[in-house]
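Reading the structure
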Amino acid sequence: WDDLKKQQLPVSQNGAGRQNFPTARGEKQQHTRAEVLEERILGLLYAYRLPLSRKLSENLFTSDAHRSLYSAYASDTKSVIASFADERLRLIANRLVFEVEMIVPPDGAGAEYASCIGELEREHVKRDLERITEDIRKAEDAGNEQQVSLLADEFRNLSQKLNKVS
């Protein structure tokens, strides 16, 4: 809680203050669905000390801070937030734990964790499908039919994977 006390309370124009917690991304950026899911997963791990899922890996996390928090937890599931040398990571982890504890009851943590992992996998597959769609468009514009065929096969495989994850 000492880390949370260090945060300043900015005052809005109507005089109401709100906590300005650090984030893994810039304050002005919108949260993507994947980032929200990553944060929920990390908050659940640290708040409720859940076991790591085989479906999770460092590669699923998009920001350096999220990857660092996941790596610390993966290397030592008894990792304590207060022991983090990086104050920014400590503050982010404390915020994530606080948010999760406010939203997810302990008896629902396991189900929420499994749901978030599945949804994060879906988001990554959808991102890959978007990338392949763009690559197909470029290959078609270049008249490279062989590349279009390879990418179409990859797209089909990912579409099937998306259906399995759903």
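Structure: see above.
Right, let's walk through the structure included here. All figures in this text were calculated on a predicted structure; none of them were measured in a lab.

Criteria and cut-off values
- Throughout this description, residue numbers start from 1 for each chain and increase along the sequence as written.
- Confidence filtering applies because this is a predicted model: local features only for residues at pLDDT of at least 70, side-chain atom pairs given and counted only at 80 or more, and all residues used for totals across whole chains, interfaces and linings.
- Excluded from the side-chain calculations are hydrogens and water; all other atoms, namely the structure's heavy atoms, are used.
- Any two rings among Phe, Tyr and Trp, with Trp reduced to its six-membered ring, count as a pair given centres within 6.5 Å; such a pair is stacked if its planes are under 30 degrees apart, edge-to-face if over 60, and tilted if neither.
- The secondary structure listing takes helices from DSSP runs of H or I that are at least 4 residues long and strands from runs of E that are at least 2 residues long, numbered from the N terminus.
- We call a residue buried when its accessible area falls under 20% of the maximum for its residue type, exposed when it is over 50%, and partly exposed in between, using a 1.4 Å probe and counting protein chains only.
- Between Lys or Arg on one side and Asp or Glu on the other, a salt bridge is scored when a side-chain nitrogen of the former is within 4 Å of a carboxyl oxygen of the latter.
- Whenever two N or O atoms come within 3.5 Å, that pair is a polar contact, provided that in protein one can donate a hydrogen and the other can accept it, and provided that, for residues adjacent in sequence, both atoms are side-chain atoms.
- Between N-to-C directions, angles span 0 to 180 degrees; the directions come from axes that are lines fitted to C-alpha atoms, helices contributing only their stretch in contact.
- The labels follow the angle: roughly parallel below 35 degrees, roughly antiparallel above 145, roughly perpendicular from 65 to 115, and oblique for the rest.
- The handedness criterion is simple: a crossing whose near helix is rotated anticlockwise from the far helix by less than a right angle is left-handed, and one whose near helix is rotated clockwise is right-handed.
- The criterion used for residue contact is that any of the two residues' heavy atoms lie within 4.5 Å.
- Only buried residues count toward a nonpolar core. Its members are Ala, Val, Leu, Ile, Met, Phe, Trp, Tyr and Cys residues joined through side-chain atoms within 4.5 Å.

We now examine the packing of aromatic side chains. Enumeration over the complete set of coordinates arrives at 3 aromatic pairs. Taking the centre distance of 5.1 Å and the plane angle of 70° together, the rings of Y46 and Y73 count as edge-to-face. Here the residue Y46 occupies a position in helix α2 (residues 33-48), and Y73 occupies one in helix α3 (residues 64-75), the gap between them amounting to 27 residues. Judged by centre distance (6.0 Å) and plane angle (90°), the rings of Y46 and F84 are edge-to-face. Residue Y46 is found in helix α2, and its partner F84 is found in the loop between α3 and α4 (87-103); the two are separated by 38 residues along the sequence. Considered together, Y46 and F84 belong to a single accessibility category, that of buried residues.

Moving on: the pattern of salt bridges. Following the criterion strictly, the structure yields 12 salt bridges and no others. For E39, the salt bridge identified is with R95, shortest N-O distance 3.3 Å. Here the residue E39 occupies a position in helix α2, and R95 occupies one in helix α4, the gap between them amounting to 56 residues. Here E39 matches R95 in class, with each residue buried.

Right, let's get into the side chain of S63. Inspection of the secondary structure assignment puts S63 in the loop between α2 and α3. Separated by 3.0 Å, the side chain of S63 and the backbone nitrogen of H66 make a polar contact.

Relative to the elements of secondary structure, K164 occurs in helix α6 (residues 145-165). The sequence separation of K164 and R122 amounts to 42 residues, and the corresponding C-alpha distance is 9.5 Å.

Orientation of α2 relative to helix α5 (residues 109-142), taken along the N-to-C sense of each, is 150°, at an axis distance of 9 Å. In terms of orientation, α2 and α5 fall into the roughly antiparallel class. Regarding α2 and α5, the two cross each other, and that crossing is left-handed. Where α2 approaches α5, its residues R33, A34, L37, E38, R40, I41, L44, L45 and Y48 are matched on the opposing element by A109, E112, Y113, C116, I117, E119, L120 and E123.

Here we come to the nonpolar core. Residues I41, L45, L56, L69 and Y113 are the most contacted members of the largest nonpolar core, which totals 30 residues. Contributing elements (two or more residues each) for this core: α2, α3, α4 and α5. The element that contributes the greatest number of residues to this core is α2, accounting for 8 residues. With residues near it in sequence (within four places) discarded, L69 still touches L42, Y46, F84, L89, I92, A93 and L96. By size, the runner-up hydrophobic cluster in this structure holds 9 residues, among which are V125, I132, A139 and V148.

Time to look at unusual backbone geometry. Its identity as a non-glycine residue notwithstanding, R49 has a phi of 50°, on the positive side. With respect to the element layout, R49 can be found in the loop between α2 and α3.

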